[in-house]
Amino acid sequence: MSLELARKLPNAKFIVQDIDHVLQQAPAVWSQELPEAVQMGHVQFMPHDFFTAQAIKGAGAYLLRRILHDWSDENCIIILKHLKNAMTPSSRILIIDHVLHPTVESGQLKSAPPPLPANYGIAHMFSIMDDLDIMSLMNGMERTPDQLHGLAERAGLTVIKIWECRGSMHVIEMRLPEEH
Ligand SMILES: C[S@@+](CC[C@H](N)C(=O)[O-])C[C@H]1O[C@@H](n2cnc3c(N)ncnc32)[C@H](O)[C@@H]1O
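For clarity, every value in this text was computed on a predicted model and none was experimentally measured. (Residues numbered from 1 in each chain as written. Predicted model: local features only at pLDDT ≥ 70, side-chain atom pairs only at ≥ 80, totals over all residues. Heavy atoms only, no water.)

K.L.:
For the pairing of strand β4 (residues 92-98), give the residues involved together with the corresponding values.
P.N.:
Across the seven residues of β4, six count as buried, placing the element largely inside the fold. Pairing of strand β3 (residues 61-65) with β4 involves five bridges; the strand directions are parallel. Paired with Arg65 across the bridge in β4 is Ile96. A crossover links β3 with its parallel partner β4, the connecting element being helix α5 (residues 73-86), and its sense is right-handed. Here β4 pairs with strand β6 (residues 169-175) via six bridges, running antiparallel. Looking at the pairing, Leu94 lines up with Glu173 of β6. (Buried < 20%, exposed > 50% of the residue type's maximum accessible area, 1.4 Å probe, protein only. Helix = DSSP H or I, 4+ residues; strand = E, 2+ residues; numbered from the N terminus. Pairing = 2+ DSSP bridges. Right-handed = clockwise from strand over helix to strand, strands pointing away.)

K.L.:
Explain the packing of aromatic side chains to me, and be specific about the residues and the numbers.
P.N.:
Two aromatic rings are characterised by how far apart their centres lie and by the angle between their planes. A full pass over the atoms with the stated rule returns five aromatic pairs. Between Trp30 and Phe45, the aromatic rings sit 6.2 Å apart at their centres with planes inclined by 75°, giving edge-to-face as the arrangement. Separated by 15 residues along the polypeptide, Trp30 in helix α3 (residues 26-33) and Phe45 in strand β2 (residues 43-47) bring together distant segments of the chain. What links up through ring pairs into an aromatic cluster is the set Phe14, Trp30 and Phe45. Of note, Lys161 hangs over the ring of Trp163, and the distance from its end group to the ring centre comes to 4.1 Å. (Phe/Tyr/Trp six-rings, centres within 6.5 Å; stacked < 30°, edge-to-face > 60°. Lys NZ or Arg CZ within 6 Å of the ring centre and 35° of its normal.)

K.L.:
A description of the site of the ligand should follow, citing residues and the corresponding values.
P.N.:
All residues adjacent to the ligand are Asp18, Ile19, Val22, His48, Asp49, Phe50, Phe51, Arg65, Arg66, Ile67, Asp70 and Trp71. In this structure, an oxygen atom belonging to the ligand sits 2.6 Å away from a side-chain N or O atom of Arg65. In the complex, 66% of the free accessible area of the ligand, which totals 590 Å², lies under the protein chains. Here the ligand occupies the largest pocket. Taken together, the residues of the shell around the ligand sort by class into six nonpolar, one polar and five charged. Two domains share the shell around the ligand, each providing at least three of its residues, namely domain 1 (1-48) and domain 2 (60-175). (Near = heavy atom within 4 Å. Polar contact = N/O pair within 3.5 Å; in protein donor to acceptor, adjacent residues only side chain to side chain. Areas by Shrake-Rupley, 256 points an atom, 1.4 Å probe, with all protein chains shown as cover. 1 Å grid on protein atoms, 1.4 Å probe; cavity = no way out; pocket = protein on both sides within 12 Å on 5 of 7 lines; lining within 4 Å. Sits in = over half its atoms within 2 Å of the grid points. Nonpolar A, V, L, I, M, F, W, Y, C, P; charged D, E, K, R; others polar. Domains from an automatic or database assignment.)

K.L.:
Requested: an account of the domain arrangement of the protein, with residues and values cited.
P.N.:
Each assigned domain of the protein is listed with its residue range as follows: domain 1 (1-48) and domain 2 (60-175). Measuring from the centre of the C-alpha atoms in domain 1 to the corresponding centre in domain 2 gives 25 Å.

K.L.:
Before we move on, could you go through the nonpolar core and cite the residues and values that matter?
P.N.:
One recurring pattern in soluble globular proteins is that nonpolar side chains are buried together. Counting residues in each nonpolar core, the largest one holds 24 residues, and the members touching the most others are Leu80, Ile93 and Met174. Contributions of two or more residues to this core are made by β3, α5, β4, α7 (145-155), β5 (158-163) and β6. Top element by residues in this core is α5. It accounts for six residues. If near-sequence neighbours (up to four positions away) are discounted, Ile93 is found in contact with Tyr62, Leu64, Leu80, Leu83, Met87, Leu157, Ile172, Glu173 and Met174. Grouped together as the second largest cluster of nonpolar side chains are 10 residues, Leu3, Phe14, Leu34 and Val43 included. (Core = buried A, V, L, I, M, F, W, Y, C linked by side-chain atoms within 4.5 Å. Contact = heavy atoms within 4.5 Å.)

If you want it as structure tokens, here you go:
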């Protein structure tokens, strides 16, 4: 996803993190797909275990695409707390995952008009199937807006907005809570 964003945002800087043996494949892909970003130093590759402290402090955005759905709540809270400790007030975490839309409305997602169920019924099937897949494969889960708010709260963060996208994956924006 960073590669596609780098195409759209040619002046942005990206630091791609993953566990070492996975990350080793990234430079060749970027060099082939977007060599100008590599040549201009707009992308760096940094091995990182997200269960350890985040070395990049005060990034504009920490992007987690299809990461949290692999993990239990307890592990997600560890991942989020490490990011929280690296954030400044202008930083945000952008989580890209399926967001489960309850059939009885969520209040935080746009509902289908009656008589359809609030989540458009079968149109939401893929997210629910993905929820079952990820539970059986990884002991993970897709989450409802309330569950995402719960994770944020337990990690000491705030969900600012769930950005609804045309597909079934949405962008959940979290920030540090405002100081009072
Ligand atoms: C479902 S893939 C998502 C990859 C990518 N974000 C995407 O959207 O295509 C999950 C990624 O998490 C990485 N990962 C797993 N455990 C990790 C850890 N402890 N620290 C950092 N990355 C990890 C995997 O290597 C894999 O690349």
